[in-house]
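# Results of the structural survey
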Amino acid sequence: MTSNLLTIIWIFLPLCWLTAGFIVWENTSAPSNWMAAGLLGICLFCWIYLTARIVGFRRRLSNFLSRLLKGDYETGIHMSTAFCDEFYSIEDTANRLVERLRIYDRLRADRVSIHARVLDLILRQVKEPLITADVEKEVFVFNPAAQKVLGIERKSFSFESVLKPAANQSFAHLFKEVVSGRKVNTEGTCLLQLPGMNEPLRTALELLPLRDRDEIVRFAVLSLATHSTGSYAS
């Protein structure tokens, strides 16, 4: 019964108004007037209750949705046990929803963390010089073999620091062709000079893009070779 409290009040409110109006219209005696006043008082109380619940629920729901949009799944909607109406049921459903989202977010974070550690382990153990490119974060990561071939100590560089220098124009051209999605795999020979290198080094590259379900390149793997193979980049 309490779960339909607002519906009951919503139906009861106009009935009270009509009944009070009918009593005042048909009778002018003091008892009738007191009865009409009592009904009007009940109507006023019901109206105040509905207004407070609607305004309060709207504020709590707005704050709840704003936190969800910001990725905050730790705080749900505060529920008052003093009210067991339809809004209470909706708030309980919202809290159970955010609990599901919280579990999903933790599982997703754990999966991403595991994948990142597996990738890092593979890059460290493989003997072939490899570079990974995270297109969303705009970061190149060099495995130890690639660092040794290029004579660098740093593990990662931003896209801007690698693609912007004039010495790396041919490398930037190859990389942008892959990221744009125009080619599946790209091979070429180009000059590559990273921060900390005294002079550019001619390297043969094979670039392997990794696409998502929308065919957008989110990640790429670049295989390095110290001898000139493949087609020459212009």
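Look up a bit, the structure's there.
Report follows, based on the coordinates. All values derive from a computational prediction rather than experimental measurement.

Conventions adopted
Residues numbered from 1 in each chain as written. Predicted model: local features only at pLDDT ≥ 70, side-chain atom pairs only at ≥ 80, totals over all residues. Heavy atoms only, no water. Salt bridge = Lys/Arg side-chain N within 4 Å of Asp/Glu carboxyl O. Helix = DSSP H or I, 4+ residues; strand = E, 2+ residues; numbered from the N terminus. Buried < 20%, exposed > 50% of the residue type's maximum accessible area, 1.4 Å probe, protein only. Phe/Tyr/Trp six-rings, centres within 6.5 Å; stacked < 30°, edge-to-face > 60°. Patch = residues over 30% accessible without salt bridge, like charges linked within 9 Å, V, L, I, M, F, W, Y side chains within 5 Å. Areas by Shrake-Rupley, 256 points an atom, 1.4 Å probe, with all protein chains shown as cover. 1 Å grid on protein atoms, 1.4 Å probe; cavity = no way out; pocket = protein on both sides within 12 Å on 5 of 7 lines; lining within 4 Å. Points joined across faces, edges and corners; volume = space filled by probe spheres on them. Nonpolar A, V, L, I, M, F, W, Y, C, P; charged D, E, K, R; others polar. Expected span 1.5 Å × (residues − 1).

## Thoughts on the pattern of salt bridges
Within the structure shown, the criterion is met by 8 salt bridges. With a shortest N-O distance of 3.3 Å, D92 and R96 are connected by a salt bridge. Taken together, the positions of D92 and R96, both in helix α3 (residues 86-125) and 4 residues apart, correspond to about one turn of that helix. Looking at D92, the relative accessible area reads 31%, which means it is partly exposed.

## What to know about the packing of aromatic side chains
Summed over all chains, the structure comprises 6 aromatic pairs. Here F142 and F157 contribute two aromatic rings whose centre-to-centre distance is 5.5 Å and whose plane-to-plane angle is 90°, an arrangement assigned as edge-to-face. A residue pair is termed long-range when its members are at least 10 positions apart, and F142 in strand β2 (residues 139-142) and F157 in strand β3 (residues 156-158) qualify at 15 residues. Of the two residues, F142 and F157, neither departs from the other in class, the shared state being buried. Look at F171 and F175: their rings are 6.4 Å apart centre to centre, the planes differ by 10°, and that puts the pair in the stacked class. Of this pair, F171 and F175 are both found in helix α6 (residues 169-179), 4 residues apart, which corresponds to roughly one turn of the helix. Using a relative accessible area of 1% as the deciding quantity, one classes F171 as buried.

## Focus: a nonpolar patch on the surface
Residues L44, W47 and I48 make up a contiguous nonpolar surface patch of about 330 Å² in total accessible area. Residue position: I48 is located in helix α2 (residues 30-69).

## Quick look at the layout of surface pockets
Roughly 500 Å³ of volume is contained in the largest pocket. Around the largest pocket, the lining comprises 16 residues; the ones closest to its centre are V112, H115, A116, L119 and D134. Where the lining of the largest pocket is concerned, the elements lending two or more residues are α3, β1 (130-134) and β2. When residues in the lining of the largest pocket are grouped by element, the largest group, 10 residues, is from α3. A class-by-class count of the residues in the lining of the largest pocket yields 9 nonpolar, 2 polar and 5 charged.

## Concerning unusual backbone geometry
The backbone phi angle of E138 is positive, close to 55°, even though this residue is not glycine. Within the secondary structure, E138 sits in the loop between β1 and β2. Residue class for E138 comes out partly exposed when judged on its relative accessible area of 46%. Positive phi, close to 65°, is recorded for E215, a residue that is not glycine. On the secondary structure map, E215 appears in the loop between β5 (201-211) and β6 (217-225).

## Section: α3
The end-to-end C-alpha separation of α3 is 59 Å, in line with the 58 Å expected for 40 residues at 1.5 Å each. For α3, the set of buried residues is E86, F87, E91, A94, N95, V98, R102 and L123.

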